[in-house]
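# Summary of structural features
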Amino acid sequence: MGADFGRSRGTESKFSQWFRGRPKPQHSDVDDTAREALLLAVAEAGMPIAPAAHPVGYRCSCERIGCPTPARHPISFAWQTQSTTDSAQIERWARSQPQANFITATGMIHDVLDVPLTAGKQALERLLAADIDVGPVAVSGDDRMLFFTATRGTPEDEDEWWPCELDCHPETMDEHPGMRWHCRGSYVLLPPAMLPGELDVHWVRGPENPLPDPLTLLETLTDACAQYADTADQSDLDHDSVAWPLSR
């Protein structure tokens, strides 16, 4: 669809107004009880979680010099086996680590389609307008949107499965601005989470929404990402074509 999608007679669609007008949660808005309830709701939906680092100013709590993903990575190297839906364990983590963010391990119960925020907003509007079932959706920082889906599973022939590390590993965010499919061996930061620079991760649609088949969202998300990439490429071309004065 064209650039006029979601606009009528020069006016934003109701969805765009609703999305833009949603208050952005701040750290103080999510108290310990609410934070714990949100984490337990994710576990009740069957999505395993594990503790993650948190911001300390603009640095990461892991204290690694030059941490490439501050406040976005698990605390333990054993996060895949540590991830759980056990409510008692999650309560212990939440109460003993009140500042910790949490990740959810993908590829067991759910996958995550991770797209640029601009493309994600456009795709979400199209999906809802088409009355397609959309599951949980989160905004991560100021540049990504996460669509939670049912996992694509493990095929009988392991040779037919590709690891998400090929193009979707969390650490490759800057290298791959298009869509990433987080499946087995990957993770995403889970709401509510805080990021350096007073950014956050928050739900747009909560975990109470059933996980959809990823294929029902894929075409719309792919189209939105392609349109986003074309726009970004054109912006780069426009920037490169600026006529700079010759020095004398």
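## With respect to helix H2 (residues 32-44)
The end-to-end C-alpha separation of H2 is 18 Å, in line with the 18 Å expected for 13 residues at 1.5 Å each. Taken together, the buried positions of H2 are occupied by Arg35, Glu36, Leu39, Leu40, Val42 and Ala43. Taken end-on, H2 shows its buried residues confined to a sector of 155 degrees, consistent with a single buried face. Across from the buried face of H2, at angles greater than 90 degrees, the exposed residues are Thr33 and Glu44. Here the buried face of H2 lies against strand S3 (49-52), helix H4 (87-96), strand S6 (101-105), strand S11 (187-190) and strand S13 (199-205). By the N-cap criterion, in which a side-chain oxygen at the helix start approaches the backbone nitrogen of a residue two or three places on, H2 is capped by Asp31, the distance to Thr33 being 3.2 Å.

## Some points on the side chain of Glu36
Inspection of the secondary structure assignment puts Glu36 in helix H2. In terms of polar contacts, Glu36 uses its side chain to reach the side chain of Arg95, at 2.8 Å. The contact partners of Glu36, leaving out residues within four places of it in the chain, are Glu91, Ala94 and Arg95.

## Things to note about the packing of aromatic side chains
Enumeration over the complete set of coordinates arrives at three aromatic pairs. Residues Trp79 and Tyr187 carry aromatic rings whose centres are separated by 4.9 Å and whose planes lie at 75 degrees to one another, so their mutual orientation is edge-to-face. Placement of Trp79 in helix H3 (residues 79-82) and of Tyr187 in strand S11 is noted, with a sequence separation of 108 residues between them. Across the pair, Tyr187 and Trp79 agree in class, each one buried. For the pair Trp93 and Phe102, a centre-to-centre distance of 6.4 Å together with 45 degrees between the ring planes defines the contact as tilted. Look at Trp93 and you get buried, because its relative accessible area is 10%.

About the thresholds
- Residues numbered from 1 in each chain as written.
- Predicted model: local features only at pLDDT ≥ 70, side-chain atom pairs only at ≥ 80, totals over all residues.
- Heavy atoms only, no water.
- Helix = DSSP H or I, 4+ residues; strand = E, 2+ residues; numbered from the N terminus.
- Expected span 1.5 Å × (residues − 1).
- Buried < 20%, exposed > 50% of the residue type's maximum accessible area, 1.4 Å probe, protein only.
- Arc of directions from axis to C-beta.
- Contact = heavy atoms within 4.5 Å.
- Polar contact = N/O pair within 3.5 Å; in protein donor to acceptor, adjacent residues only side chain to side chain.
- Phe/Tyr/Trp six-rings, centres within 6.5 Å; stacked < 30°, edge-to-face > 60°.

Read these as geometric descriptors, not functional statements.
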